[in-house]
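Structural overview for review
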Amino acid sequence: MTAYIIRRLWQIVPTMAGVILLIFLLFNVVGGDPAYLLAGKISNAEQIANIRKQLGIDEPYWYQLLIFVRQVLTFDFGQSWSTNELVSSIFATRLPNSLMIGVPLLILETLIAIAIALVVAYKRGSLTDRSVMVSCTVAQSISILVYIIVLQYVLAYKLGWFPVQGWGGSFLENLFKYAVLPIIIALAVSLAPNIRLYRTFVLDEVNQDYVRTARAKGLTENRVMLVHVLRNAAIPIITNLMIQLPGLLVGLFLIERFFSVPGIGREVILAVERSDFPVIKAITVYVALATMLANLLADLLYKAVDPRVELK
């Protein structure tokens with residue numbers, strides 16, 4: 001196990017090197033000169049030259065690449081070009097707000113989707129199963145903007161159960177007051193595809209030989225579904241969860257924008273609008289690294305769930 005983990009961590013090094021090179025080429029070579037964007041429409045050659053010097057993009061490409069590599073290794077991407085705030089400070093102050101919505105959402109949608117998927121798989125072919133699947137199909141066809149506008153209007157504006165938008169100063173206030181409605185809306189959007197996906201995973205196991213053997217031994221249907229079927233369906237479920245895990249670093253763009261949540265998702269949108277390359281490059285590197293670590297965590301969870309899995 002230890003040797004496998006060390007080997008996988010070592011394999012991250014050349015992969016990250018390729019990611020760093022690709023990001024550098026996209027932003028520094030292909031992406032154009034950011035000095036023209038920052039200088040505005042009314043500018044002259046001297047202003048553009050000064051901006052290029054301040055940003056350090058007047059140096060040779062090989063030297064800029066070395067600076068970028070140093071930034072990645074030290075996790076210090078300098079300052080935002082538009083606000084002059086340290087990129088590290090942006091992540092330290094905005095990321096917790098996004099995680100306050102993203103982590104409870106991921107936990108709730110996983111538990112609820114698994115529970116409903118087990119029920120409809122147990123009652124496969126019944127009216128309940130068909131009704132849930134039709135409802136999921138309809139729910140998936142509705143835009144997230146409709147969910148945001150309708151639920152924000154009904155639950156926040158008309159009924160007054162939640163704040164329309166905003167963010168407080170304390171953790172508990174944010175979690176139980178301002179984050180509740182964004183979580184409900186995001187949950188309404190994400191449940192339908194997850195239920196359909198997890199139902200498929202469960203149905204793939206229901207007709208396996210080991211399930212028929214368990215039933216022939218006289219085990220109750222609840223034990224068959226919760227112990228035998230769910231454990232074997234857990235591997236693709238873990239895969240789906242690990243795919244979503246790096247997305248926590250990006251946040252929920254539309255949710256944060258509509259509810260004025262000072263999260264990393266809203267910050268990424270602002271960075272794209274302002275061509276704030278340091279922030280965009282930082283989030284790209286972090287997401288790439290998080291994806292590789294999530295893949296490693298998924299392999300370890302496979303082994304924990306199913307001892308038959310061999311890590312080679």
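Here is what the cut-offs are and how they apply
Residues numbered from 1 in each chain as written. Predicted model: local features only at pLDDT ≥ 70, side-chain atom pairs only at ≥ 80, totals over all residues. Heavy atoms only, no water. Helix = DSSP H or I, 4+ residues; strand = E, 2+ residues; numbered from the N terminus. Buried < 20%, exposed > 50% of the residue type's maximum accessible area, 1.4 Å probe, protein only. Contact = heavy atoms within 4.5 Å. Areas by Shrake-Rupley, 256 points an atom, 1.4 Å probe, with all protein chains shown as cover. Lys, Arg positive; Asp, Glu negative; His and termini not counted. Salt bridge = Lys/Arg side-chain N within 4 Å of Asp/Glu carboxyl O. Polar contact = N/O pair within 3.5 Å; in protein donor to acceptor, adjacent residues only side chain to side chain. Axes fitted to C-alpha atoms, helices over the stretch in contact; angles between N-to-C directions. Parallel < 35°, antiparallel > 145°, perpendicular 65-115°, else oblique. Nonpolar A, V, L, I, M, F, W, Y, C, P; charged D, E, K, R; others polar.

**Examining the overall build of the chain**
Scanning the chain from N- to C-terminus turns up 14 helices and 0 strands. In sequence order, the chain lays out its α and β elements as α-α-α-α-α-α-α-α-α-α-α-α-α-α. Within the chain, buried positions represent 39% of all 312 residues. Summarising the internal contacts of the chain: among those between residues at least 6 apart in sequence, 72% fall at separations of at least 24. Accessible surface, the chain: about 17100 Å² in total, of which carbon and sulfur atoms supply 65%.

**Quick word on the side chain of Glu256**
By secondary structure assignment, the location of Glu256 is in helix 12 (residues 253-258). Nearest to the buried, unbridged Glu256 among oppositely charged side chains is Arg266, at 6.2 Å. Engagement of the side chain of Glu256 in a polar contact is seen with the side chain of Ser98, the distance being 2.7 Å. Excluding residues within four positions of it along the chain, Glu256 makes contact with Ser98, Gly251, Val261, Gly263, Ile264, Gly265 and Arg266.

**Re the pattern of salt bridges**
Using the criterion set out here, one finds 3 salt bridges in the structure. Notably, a salt bridge pairs Arg94 with Glu85, separated by 3.0 Å at the nearest N-O pair. Across the pair Glu267 and Arg94 runs a salt bridge whose closest N-O atoms are separated by 3.2 Å. Of the two residues, Glu267 is situated in helix 13 (residues 264-274) and Arg94 in helix 5 (residues 87-122); the sequence distance between them amounts to 173 residues.

**Considering the environment of Ile112**
Note on placement: Ile112 falls in helix 5. The spatial distance from the C-alpha of Ile112 to the C-alpha of Asn194 is 9.3 Å, given a sequence separation of 82 residues. When neighbours within four sequence positions are excluded, Ile112 is seen to be in contact with Leu187 and Leu191.

**Description of the packing of helix 11 (residues 221-244) against helix 14 (residues 277-305)**
Any two packed helices are characterised by how steeply their axes cross, that is the angle between the axes, and by the distance between the axes. At their nearest, the axes of helix 11 and helix 14 sit 10 Å apart, and the two run at 170° to each other. Comparing their axes, helix 14 and helix 11 come out roughly antiparallel. Each of Arg231, Ala234, Ile235, Ile238, Thr239 and Met242 in helix 11 lies in contact with helix 14, whose residues at this interface are Ala294, Leu297, Ala298, Leu301, Tyr302 and Val305. Partitioned by chemical class, the residues of the contact of helix 11 with helix 14 number 10 nonpolar, 1 polar and 1 charged.

**As for the side chain of Ser80**
Within the fold, Ser80 resides in the loop between helix 4 (61-74) and helix 5. Residue classification places Ser80 among the buried positions, given a relative accessible area of 2%. Leave out the neighbours within four places in its chain, and Ser80 touches Glu85, Val87, Ile90, Asp276 and Val279.

**A few points about the environment of Val224**
Relative to the assigned elements, Val224 resides in helix 11. A relative accessible area of 0% means that Val224 is categorised as buried. For the pair Val224 and Ala214, spaced 10 residues apart in sequence, the C-alpha separation works out to 6.7 Å. Beyond its immediate sequence surroundings of up to four residues, Val224 is in contact with Val211, Ala214, Arg215, Leu219 and Val229.

**Focus: the packing of helix 8 (residues 171-178) against helix 9 (residues 180-206)**
Running from N to C, helix 8 and helix 9 point in directions that differ by 45°, and their axes come no closer than 5 Å. Compared by their axis directions, helix 8 and helix 9 come out oblique. Together, Leu175, Phe176, Lys177 and Tyr178 of helix 8 and Val180, Leu181 and Pro182 of helix 9 make up the contact between the two elements. Split into classes, the residues belonging to the contact of helix 8 with helix 9 amount to 6 nonpolar, no polar and 1 charged.

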